[in-house]
Structures are given as structure tokens and as C-alpha cells.
Amino acid sequence: SNLAPNTTYYYRAFAVNNGGISYGDELSFTTGSLKSGLIVYGSQIPRGTSLHYSITGIKPGHYQARIIDVAGRVIFRQDVITQQSFLNEWFTVPSYIGTGVYYLQLYKQGFSETRNFMI
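Residues numbered from 1 in each chain as written. Predicted model: local features only at pLDDT ≥ 70, side-chain atom pairs only at ≥ 80, totals over all residues. Heavy atoms only, no water.

### A look at the pairing of strand β7 (residues 61–68)
Here is the rule: Burial classes follow relative accessibility: with a 1.4 Å probe on protein chains only, a residue under 20% of its type's maximum area counts as buried, one over 50% as exposed, and anything between as partly exposed. Put simply, DSSP H or I for four residues or longer makes a helix, DSSP E for two residues or longer makes a strand, and each gets a number counted from the N terminus. For two strands to count as paired, DSSP must find a minimum of two bridges between them.
Counting buried residues in β7 gives seven out of eight residues, a clear majority hidden from the surface. Across eight bridges, the pairing between β7 and strand β8 (residues 74–82) is antiparallel. Bridge pairing in β8 places isoleucine 67 opposite phenylalanine 76. Counting the residues between successive antiparallel strands, the hairpin from β7 to β8 contains five residues, one of them, glycine 72, with a positive phi of roughly 90°. Relative to strand β10 (residues 101–108), β7 is paired through five bridges, and the arrangement is antiparallel. When the sheet's bridge partners are listed, isoleucine 68 is paired in β10 with tyrosine 103.

Structural data, given as C-alpha cells:
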């Protein structure tokens, strides 16, 4: 988890026993690119579970991920800082939030993008 998008990672297995250390072959994999814009992964997110979201094409800086109810009230916020042009984040949906339609808003002064989801 928490791997950077569109990045190649290298790894190799090893074993240690009384005979010493043995190394396997070096292997690699490349992570995929993130989808454009603000994406909420999953349309219904149960309370107490992780809400996963990503966004591309943003400026580095300090943002707030906000859950907003249908009346427009901010009922949860989490600060997030990025030094990249993307975010790929998770947070736990608080158990005090009731079921219904909500909005995830990524906010920074001069920037706001919103997507809906259900709890």
C-alpha cells in the first residue's frame, strides 16, 4: 500500500538459515497511473471502514479532505499535505456519521473539487 503511481519497484526474496543467506532473483513491477480528477473508490462506504480517494493534476500544498452532508455542513475533515501533483489517500469514516448521501470535498484556498458517495 501507499505506493506511488506509475513507478517501477524492484524486490527480491531471501532466506536465512544455518547455512547462510540465499537470495532469489531480482524482480520488478510497475504501478498503474491514477485516474484523472477526484475519484472516490466505491460508491457505498460503511462507517468505520476506509474511504479511498485519489486526485491528479493538483499543485503541491496543504489540503483538507472534507465530508459534507446534504445540508452543506462539514462533518469531518482531515488535513493532507502533498509535495506531488497527486494524492492517493485513505481515512476511516467516523462511526458517528449516519447513513445517507454525502460529498467528499478536497479543499485548499482557491481550489475545491467534490464527489458524492453513500454511507
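Read on for the rest.
### A look at the pattern of salt bridges
Applicable threshold: Any carboxyl oxygen of Asp or Glu within 4 Å of a side-chain nitrogen of Lys or Arg constitutes a salt bridge here.
Per the stated rule, a full pass over the model turns up two salt bridges. Taking the shortest distance from any N to any O, the salt bridge between aspartate 69 and arginine 73 comes out at 2.7 Å. In this structure arginine 73 comes out as exposed when scored by relative accessible area, which is 53%. The closest approach of N and O atoms between arginine 115 and glutamate 113, which form a salt bridge, is 3.0 Å. The class for arginine 115 is partly exposed, based on a relative accessible area of 34%.

### Points about the nonpolar core
Quick note on the threshold: To qualify as a nonpolar core, a set must consist of buried Ala, Val, Leu, Ile, Met, Phe, Trp, Tyr and Cys residues joined through side-chain atoms within 4.5 Å.
In this structure, Leu51, Tyr53, Phe91, Leu104 and Phe117 are the most contacted members of the largest nonpolar core, which totals 21 residues. Taken together, the elements giving at least two residues each to this core come down to β6 (50–56), β7, β8, β9 (86–92) and β10.

### Regarding the sheet that holds β9
The strands that make up a sheet are held in pairs by hydrogen bonds between backbone atoms, and each pair lies either parallel or antiparallel. Heads up, the condition is: To get an axis, a line is fitted to the C-alpha atoms, and for a helix only the part in contact is used. The angle between two axes follows their N-to-C directions and goes from 0 to 180 degrees.
In space, the three strands of this open sheet follow the order β5-β6-β9, with antiparallel pairing throughout. Of all strands in the sheet, those bounded by a partner on one side alone are β5 (39–41) and β9. Across the sheet, the mean angle separating the axes of adjacent strands is 20° when strand polarity is ignored. Of the strand pairs in this sheet, β5 and β6 are connected by three bridges, and their pairing is antiparallel. Of the residues in β6, the one forming a bridge with valine 40 is tyrosine 53.

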